[in-house]
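So you can see what is in the structure, the chains are spelled out below.
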Amino acid sequence: MRQVLKPVLCLIAGLVLALPLAACGDRDAGPEIKPPAPPISARGNPAQELDGMRRHVPVDVEITPLPMARVENFDRTRGRAYPMQPPTIPHSIDGYQVDLNSNRCMLCHARNTAAQFQAPPVSVTHYMDRDDQFLAEVSPRRYFCVQCHVVQTDAQPLVANGFMDIDEVLRMERAQ
Ligand code: HEC
Ligand code: HEC
């Protein structure tokens, strides 16, 4: 009996000693994490450009990721920056499956069910094949919705973006 007990007791003693050590070790390790850097021009210095994402942590040090962005789920649509921009999704899509056998998105966004769910039906482009022929069902090239449509989150841009809406460009031209 004692022969069995001894290794077990040693193991427990070892764990009790090792646990606080591991906990202390963790606290010391790792670089100091700074909050996200202000956006830097995407055309700027390529070395600096990484800073937006790496938050000044050297490349050879592992970074602690920021908390994941929260998905907005309050049905407020965001503007489109240009006419053919796929609109962002103003609701969460957790658990909406899109695979060979079913397309959850089309449950609400198909023409014949959209009214029931008060959802905007997918536009006619989603029924066109690459030869501009209209199909009865959503076109295979528009089947995987999240290839083009993304959910809206509260994430801050990591790099600056100089994109200008055409209306803004025209207004500037007229002002000159
Ligand atoms: C339960 C029904 C339902 C499902 C399932 C659903 N949606 Fe929606 N969707 C809506 C409704 C309703 C709206 C209108 C805005 C709102 O109320 O959120 C909407 C709005 C949108 C819009 C904005 C359209 C615009 O003109 O701005 C997009 C894009 C969209 N959904 C994409 C998707 C995608 C992609 C999926 C699957 C991953 C999906 N939806 C699944 C109900 C649904
Ligand atoms: C290849 C990219 C692509 C895919 C895949 C795609 N869409 Fe779109 N979607 C667009 C673009 C671009 C627009 C805006 C221009 C237009 O209507 O064609 C749009 C518009 C929409 C709109 C707004 C329609 C309107 O009249 O305002 C809804 C809703 C939508 N898509 C839902 C979906 C759903 C649901 C799927 C999956 C079944 C899907 N999309 C797949 C690119 C895509």
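Definitions and limits used
Residues numbered from 1 in each chain as written. Chains lettered and ligands numbered in written order. Predicted model: local features only at pLDDT ≥ 70, side-chain atom pairs only at ≥ 80, totals over all residues. Heavy atoms only, no water. Donors = N, O, S within 2.8 Å, 3.2 Å for Na, K, Ca; no water. Tetrahedral: all angles 85-135°; square planar, octahedral: opposite > 155°, others 65-115°. Helix = DSSP H or I, 4+ residues; strand = E, 2+ residues; numbered from the N terminus. Buried < 20%, exposed > 50% of the residue type's maximum accessible area, 1.4 Å probe, protein only. 1 Å grid on protein atoms, 1.4 Å probe; cavity = no way out; pocket = protein on both sides within 12 Å on 5 of 7 lines; lining within 4 Å. Points joined across faces, edges and corners; volume = space filled by probe spheres on them. Nonpolar A, V, L, I, M, F, W, Y, C, P; charged D, E, K, R; others polar. Patch = residues over 30% accessible without salt bridge, like charges linked within 9 Å, V, L, I, M, F, W, Y side chains within 5 Å. Areas by Shrake-Rupley, 256 points an atom, 1.4 Å probe, with all protein chains shown as cover. Salt bridge = Lys/Arg side-chain N within 4 Å of Asp/Glu carboxyl O. Near = heavy atom within 4 Å. Polar contact = N/O pair within 3.5 Å; in protein donor to acceptor, adjacent residues only side chain to side chain. Sits in = over half its atoms within 2 Å of the grid points. Core = buried A, V, L, I, M, F, W, Y, C linked by side-chain atoms within 4.5 Å. Contact = heavy atoms within 4.5 Å.

Asks: Looking at this structure, how should I read the coordination of the iron atom of ligand 2?
Replies: Six octahedral donors at a metal ideally form angles of 90 or 180 degrees, and four tetrahedral donors ideally form angles of 109.5 degrees. Only His126 (NE2) and His149 (NE2) from the protein reach the iron atom of ligand 2 as donors, at distances of 2.0 Å. One way to put it: the six donor atoms around the iron atom of ligand 2 meet at angles of 86 to 178°, and that makes the site octahedral. One end of the pair, His126, is in the loop between α5 (114–117) and α6 (166–175); the other, His149, is in the loop between α5 and α6, and 23 residues separate them in sequence. Since its relative accessible area comes to 12%, His126 is described here as buried. On the basis of relative accessible area, His149 is assigned to the buried category, the value being 18%.

Asks: Sorry, what's going on with the layout of surface pockets here?
Replies: Sizing a probe to match a water molecule and rolling it over the atoms shows the empty space that remains. Its volume calculated, the largest pocket comes out at about 960 Å³. Partitioned by chemical class, the residues of the lining of the largest pocket number 20 nonpolar, nine polar and four charged.

Asks: Sorry if this is basic, but what is going on with a nonpolar patch on the surface here?
Replies: Together, Tyr82, Met84 and Phe163 give the surface a local cluster of nonpolar side chains, amounting to about 360 Å² of exposed area. Tracing the chain through its elements places Tyr82 in the loop between α3 (51–54) and α4 (104–109).

Asks: Whenever I open this one, the site of ligand 1 confuses me. Can you help?
Replies: Neighbouring ligand 1 are 20 residues; Asp75, His91, Cys105, Cys108 and His109 lie closest to it. In the model, a nitrogen atom of ligand 1 is placed 2.8 Å from a nitrogen or oxygen of the His109 side chain. In this structure the site holding ligand 1 corresponds to the largest pocket. With four residues, α4 is the single largest residue contributor to the shell around ligand 1. Counted by class, the shell around ligand 1 contains eleven nonpolar, six polar and three charged residues.

Asks: Quick question: what am I supposed to make of the nonpolar core here?
Replies: Soluble globular proteins tend to bury their nonpolar side chains together. Counting residues in hydrophobic clusters, the biggest one holds five residues: Met106, Ala110, Tyr127, Val138 and Tyr143. Not counting chain neighbours up to four residues away, the residues in contact with Met106 comprise Thr113, Val122, Tyr127 and Val138.

Asks: Help me out: how do you make sense of unusual backbone geometry in this one?
Replies: Where the residue is not glycine, phi is negative for most of them; where a peptide bond is considered, it is trans in most cases. Within the chain, Asp75 stands out as a residue other than glycine whose phi angle is a positive 60°. Relative to the elements of secondary structure, Asp75 occurs in the loop between α3 and α4. For Asp75, a relative accessible area of 60% gives the class exposed. The phi dihedral of Asp132 falls on the positive side, at around 65°, and the residue is not glycine. Mapped onto the fold, Asp132 is located in the loop between α5 and α6.

Asks: Looking at this model, I keep getting lost on the pattern of salt bridges. Mind explaining?
Replies: Note on pairing: side chains with opposite charge can pair once their charged atoms come close. Counted by the stated rule, this structure contains two salt bridges. In this structure, the salt-bridge partner of Asp154 is Arg70, at a minimum N-O distance of 3.2 Å. Placement of Asp154 in the loop between α5 and α6 and of Arg70 in the loop between α3 and α4 is noted, with a sequence separation of 84 residues between them. A salt bridge links Arg78 to Glu72; the shortest N-O distance between them is 3.0 Å.

Asks: I would appreciate a short explanation of the site of ligand 2 in the present structure.
Replies: Neighbouring residues of ligand 2: 22 residues in total, closest Ser123, His126, Cys145, Cys148 and His149. Side-chain polar atom of Thr125 to an oxygen atom of ligand 2: 2.5 Å apart, as the coordinates give it. In this structure, a nitrogen atom belonging to ligand 2 sits 2.8 Å away from a side-chain N or O atom of His126. Assessed atom by atom at 2 Å from the grid points, ligand 2 resides in the largest pocket. In terms of residue class, the shell around ligand 2 is built from twelve nonpolar, seven polar and three charged.

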